[in-house]
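Fold and geometry: a report
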Amino acid sequence: MSLIQPHDRFLDLGGNSLTWMWMRNLCRMQGLDVRVEDLDESFTIDLLAEALQRRARIDNCDEDQSWSACPPSAVFPLCAAQEGMIFASSSNQRCFLQHHLLSIDEFNLAAFQTAWRKVSALTPALRTFFCWDDVKSSWRQQIALPEDVRFHISVANHLQRSLSASEFAPFLLVEAEGFSIEGAPLMRLRVIQAATTYIIWIYHHLVMDGHAAHRVWAQVMAVYQALRGASCSLHPQFPLQDYITRCSNRCAEASDDVERYWKAIITESPWKGLFG
């Protein structure tokens, strides 16, 4: 019998479901995280080794960071800016939707989805949603558990050419339609596979500003590249509760200045009689 080579296919060697279970148990006894999805038509020893190395890189990303813990299903009050956005968006639900057009080379959908799930588990803002509290007659924001958040990534038909800027507008309108703040995540992703793979990312300003979105995308790309064989280095996140508290304190500290500013504006306004 010839020696088994790393590039030999499992099925070509007579492998079946029984031998797969036997081999998987042996691997797990050695501490190797072998999974059912690792078995496919192209399964070989060298491909399995690559999958295990990628998985280890992602696990190390999680373990090496001192992530700030967020209580399960935590509930927080809204800061003044969030209250203002919800009030303003009651008449126009799209007014605080932000969007980015990005591109990825050699796109892999499975790795992209996994990257978002990983970053979401470590980023409370991506799991934040808003609901009305009947008892307090006010809105509140709540952090969903990672396992309760589902990232739906829609994929457009393959187009064998580059797209002009005007051709992205219909995709933006479709993704913004029916956007709700009452379920996490407050974002949508559309993949357009053309000569280049484009990503349309829409998110609500209630949970992220432009700076935060840039950091989140960098995190997602770091995990995405790690899944495809690169090293992974993530930046620690700051507690969401600290951010909300800081925003609320700033609003409270600035309240006197804001009142003086608007009083001066109204006093000089030709319509000042309308304000009493």
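Residues numbered from 1 in each chain as written. Predicted model: local features only at pLDDT ≥ 70, side-chain atom pairs only at ≥ 80, totals over all residues. Heavy atoms only, no water.

Moving on: a nonpolar patch on the surface. A surface patch of nonpolar side chains, amounting to about 290 Å² of accessible area, comprises Ile4, Leu13 and Ile45. Within the element layout of this structure, isoleucine 45 appears in helix α2 (residues 45-63). In this structure isoleucine 45 comes out as partly exposed when scored by relative accessible area, which is 47%. (Patch = residues over 30% accessible without salt bridge, like charges linked within 9 Å, V, L, I, M, F, W, Y side chains within 5 Å. Areas by Shrake-Rupley, 256 points an atom, 1.4 Å probe, with all protein chains shown as cover. Salt bridge = Lys/Arg side-chain N within 4 Å of Asp/Glu carboxyl O. Helix = DSSP H or I, 4+ residues; strand = E, 2+ residues; numbered from the N terminus. Buried < 20%, exposed > 50% of the residue type's maximum accessible area, 1.4 Å probe, protein only.)

Turning our eyes to something else, we now look at the packing of helix α4 (residues 109-122) against helix α6 (residues 210-227). The contact between α4 and α6 brings their axes to 8 Å, and the two run at 130°. On the basis of their axis angle, the class for α4 and α6 is oblique. The way α4 lies across α6 gives a crossing that is right-handed. Only Val216, Trp217, Gln219, Val220, Met221, Val223, Tyr224 and Leu227 of α6 make contact with α4, whose side of the interface consists of Ala111, Phe112, Thr114, Ala115, Trp116, Lys118 and Val119. Its residues assigned to classes, the contact of α4 with α6 shows twelve nonpolar, two polar and one charged. (Axes fitted to C-alpha atoms, helices over the stretch in contact; angles between N-to-C directions. Parallel < 35°, antiparallel > 145°, perpendicular 65-115°, else oblique. Left-handed = near helix turned anticlockwise from the far one by under 90°. Contact = heavy atoms within 4.5 Å. Nonpolar A, V, L, I, M, F, W, Y, C, P; charged D, E, K, R; others polar.)

Bringing the sheet that holds strand β5 (residues 153-155) into the picture now. In spatial order, the strands read β2-β7-β6-β5; together these four strands make up an open sheet with mixed pairing. With partners counted over all chains shown, the strands left at the sheet margins are β2 (97-104) and β5, one partner each. The average undirected angle you get between the axes of adjacent strands in this sheet is 20°. Judged from the seven bridges that link them, strand β6 (residues 187-193) and strand β7 (residues 197-204) form a sheet pairing that is antiparallel. Across the sheet, residue arginine 188 finds its bridge partner in β7, namely isoleucine 202. (Pairing = 2+ DSSP bridges.)

Let us now look at the sheet that holds strand β3 (residues 128-133). Across the sheet, which stays open at both edges, the three strands sit in the order β1-β4-β3 with antiparallel pairing between neighbours. The two strands at the open ends of the sheet, each matched to only one other strand, are β1 (75-76) and β3. Bridging between β3 and strand β4 (residues 138-143) involves six bridges; their strand directions are antiparallel. Note that in β4 the partner of threonine 128 across the bridge is isoleucine 143.

A complete count under the given rule lists ten aromatic pairs for this structure. Measuring from ring centre to ring centre gives 5.8 Å for tryptophan 132 and tryptophan 139, while their planes differ by 75°; the resulting arrangement is edge-to-face. The class of tryptophan 139 is partly exposed, set by a relative accessible area of 26%. Ring pairing ties together the aromatic residues Phe107, Phe112, Trp116, Phe151, Trp201, Tyr203, Trp217 and Tyr224, which thus form one cluster. (Phe/Tyr/Trp six-rings, centres within 6.5 Å; stacked < 30°, edge-to-face > 60°.)

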